[in-house]
Amino acid sequence: AFSYGVFFMRMTDTLYHRLPNLVLGSLAGTTVLGLFDRSLYLSTMTNTVLAQVYGKVGFTIFSKVKDQPEKIAYGLDWNIFFASRVSFAVALVVLLFPQTVLVGALGSQWGGATGMFRGFAGMIAMLPVLAAIKHGLMALGGTALVTWSRLAAIAVTLAGLGLGWALE
């Protein structure tokens, strides 16, 4: 049952991550898609780095104590505490100095994406926290909740696309 849950979770996860690129590339063109993609890439770096802790280490430990929800809750408290401190600090830097971070990381040709990159500050703050919760749910065998949340996000994206199309 867990294998099927992970399979469907990964299917929705892939669609969840690829849908914005597909929509943006087809509606706005490759220039806007490039600016979005590089801004998104930098925005997910904090989560990628922190995932080594709460993803690989945390999930391994959580899956060993999966019959002890109080230990998983304790581990999640520490994971979220650590992830939120790091991600909130990075998000604040991006919110206050987006051009400095973007140009410093990618070069001056990406300076046009400064506004888009600043818009990702909220995602930078919350993505590691949500990912830590996702790994805790997976350790408890709660793949259905993760799948449903991804489906809801896909539905909101499609509804926003439909609304935008209708309102031109």
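Residues numbered from 1 in each chain as written. Predicted model: local features only at pLDDT ≥ 70, side-chain atom pairs only at ≥ 80, totals over all residues. Heavy atoms only, no water.

Caption draft 1: Up close: the nonpolar core. Counting residues in hydrophobic clusters, the biggest one holds 10 residues: Leu-35, Leu-42, Ala-91, Val-94, Leu-102, Ala-113, Phe-117, Ala-121, Ile-124 and Ala-125. Sorting the residues of this core by element identifies α2 (30–43), α4 (69–96) and α7 (121–139) as the ones contributing at least two each. Non-local contacts of Leu-42, meaning those with residues more than four positions away in its chain, are made with Leu-102, Ala-105, Leu-106 and Phe-117. (Core = buried A, V, L, I, M, F, W, Y, C linked by side-chain atoms within 4.5 Å. Buried < 20%, exposed > 50% of the residue type's maximum accessible area, 1.4 Å probe, protein only. Helix = DSSP H or I, 4+ residues; strand = E, 2+ residues; numbered from the N terminus. Contact = heavy atoms within 4.5 Å.)

Caption draft 2: Structural view of helix α3 (residues 45–64). With 20 residues, α3 ought to run about 28 Å at 1.5 Å a step, and its terminal C-alpha atoms sit 28 Å apart, in line with that. All buried positions along α3 are accounted for by Thr-46, Asn-47, Leu-50, Tyr-54, Gly-55, Gly-58 and Phe-62. (Expected span 1.5 Å × (residues − 1).)

Caption draft 3: Representation of the packing of aromatic side chains. Summed over the entire model, instances satisfying the criterion amount to three aromatic pairs. With a centroid separation of 5.3 Å and an interplanar angle of 70°, the aromatic rings of Phe-7 and Phe-8 are classed as edge-to-face. Note on Phe-7: relative accessible area 48%, which makes it partly exposed. For Phe-8, a relative accessible area of 44% corresponds to the partly exposed category. Between Trp-78 and Phe-81 the ring centres are 5.8 Å apart and the planes differ by 75°, which places this aromatic pair in the edge-to-face class. Taken together, the residues Trp-78 and Phe-81, both in helix α4 and three residues apart, mark about one turn of the helix. In this structure Phe-81 comes out as partly exposed when scored by relative accessible area, which is 41%. A cation over an aromatic ring shows up here: Arg-38 above the ring of Tyr-41, its NZ or CZ 4.6 Å from the ring centre. (Phe/Tyr/Trp six-rings, centres within 6.5 Å; stacked < 30°, edge-to-face > 60°. Lys NZ or Arg CZ within 6 Å of the ring centre and 35° of its normal.)

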